[in-house]
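# Residue-level structure breakdown
Read off the chains here:
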Amino acid sequence: MKRTTTAIACSAAALALGLSGCGASFEGSGSKDAASAEQLALRTDDPWAAEVAVDGAARAEGAYADGVYVGRGRGMEGAITVTLLLDDGRITCLEMTQEGESQSRGGYEAIRDGLYAEMIEAAQGADIDAVAGATITTAGVKQAVADALAQAEIAAGAETTGGAAAQSGEDAAATSGADGAGVPTGKEA
């Protein structure tokens, strides 16, 4: 009985000494890869801390009507909505929302932290760089910006034509029925 008690006590002491080396330090805290990843993370620059350079004189390329436009796109797990203000050819991102994007995806943080908004304003359009880990979300943001800009382009076209599509003299006569021919058959060009 005494031998068994001594053997158990010695085994417990050896086990306690063996496990005490598994502290939270880099050396011996697990696999060599885990320690290397922790050390690398402490030395690597934070990609979210990178400043996006915005040129205050830059203007959007294209003919856009001034106003506020809301564009929609499809992200990884839901809809992305971008609200843009166009003023004198300059794009300002007023708001960006996502529905269903997971917090474990890079795009969620980029939308929440305003990184995409800064990128849109710097690019003055939909031609923005992809965010690491958020390729599909970035594509959805580009789609939403392109949608909003398409609305602004249509509005600019409507302003230049007086709110209606310009018709040639023949088309106007054919649709008005003034020549007695009635409604066009659809075969006219």
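Residues numbered from 1 in each chain as written. Predicted model: local features only at pLDDT ≥ 70, side-chain atom pairs only at ≥ 80, totals over all residues. Heavy atoms only, no water.

The protein chain goes by FMN-binding protein in an unreviewed UniProt entry, where it is assigned to Adlercreutzia equolifaciens.

### Points about the nonpolar core
Ranked by internal contacts, the top residues of the largest apolar core, which has 27 residues, are Val82, Leu84, Met96, Tyr116, Ile120 and Val141. The element best represented in this core is helix H5 (residues 135-160), accounting for 7 residues. The residues contacting valine 141, other than those within four sequence positions of it, are Ile80, Val82, Met96, Tyr116, Ile120 and Ile128. (Core = buried A, V, L, I, M, F, W, Y, C linked by side-chain atoms within 4.5 Å. Buried < 20%, exposed > 50% of the residue type's maximum accessible area, 1.4 Å probe, protein only. Helix = DSSP H or I, 4+ residues; strand = E, 2+ residues; numbered from the N terminus. Contact = heavy atoms within 4.5 Å.)

### What to know about the pairing of strand S1 (residues 67-74)
Taken residue by residue, a regular strand's side chains alternate between the two faces of the sheet. Bridging between S1 and strand S2 (residues 79-87) involves 8 bridges; their strand directions are antiparallel. Paired with glycine 73 across the strands is isoleucine 80, a residue of S2. Taking the residues between adjacent antiparallel strands as the criterion, S1 and S2 are bridged by 4 residues. (Pairing = 2+ DSSP bridges.)

### Concerning the environment of alanine 148
Looking at the element boundaries, alanine 148 is found in helix H5. Measuring from C-alpha to C-alpha, the distance between alanine 148 and threonine 83 comes to 7.5 Å, with 65 residues separating the pair along the chain. With near-sequence residues (within four places) excluded, alanine 148 lies in contact with Tyr69, Val70, Gly71 and Leu84.

### Quick look at the pairing of strand S3 (residues 90-98)
Note: S2 against S3, 8 bridges, orientation antiparallel. In the strand pairing of S3, threonine 83 is matched with glutamate 95. Hairpin geometry of S2 and S3 is characterised by an intervening segment of 2 residues between the two adjacent antiparallel strands and by a positive phi of about 55° at aspartate 88.

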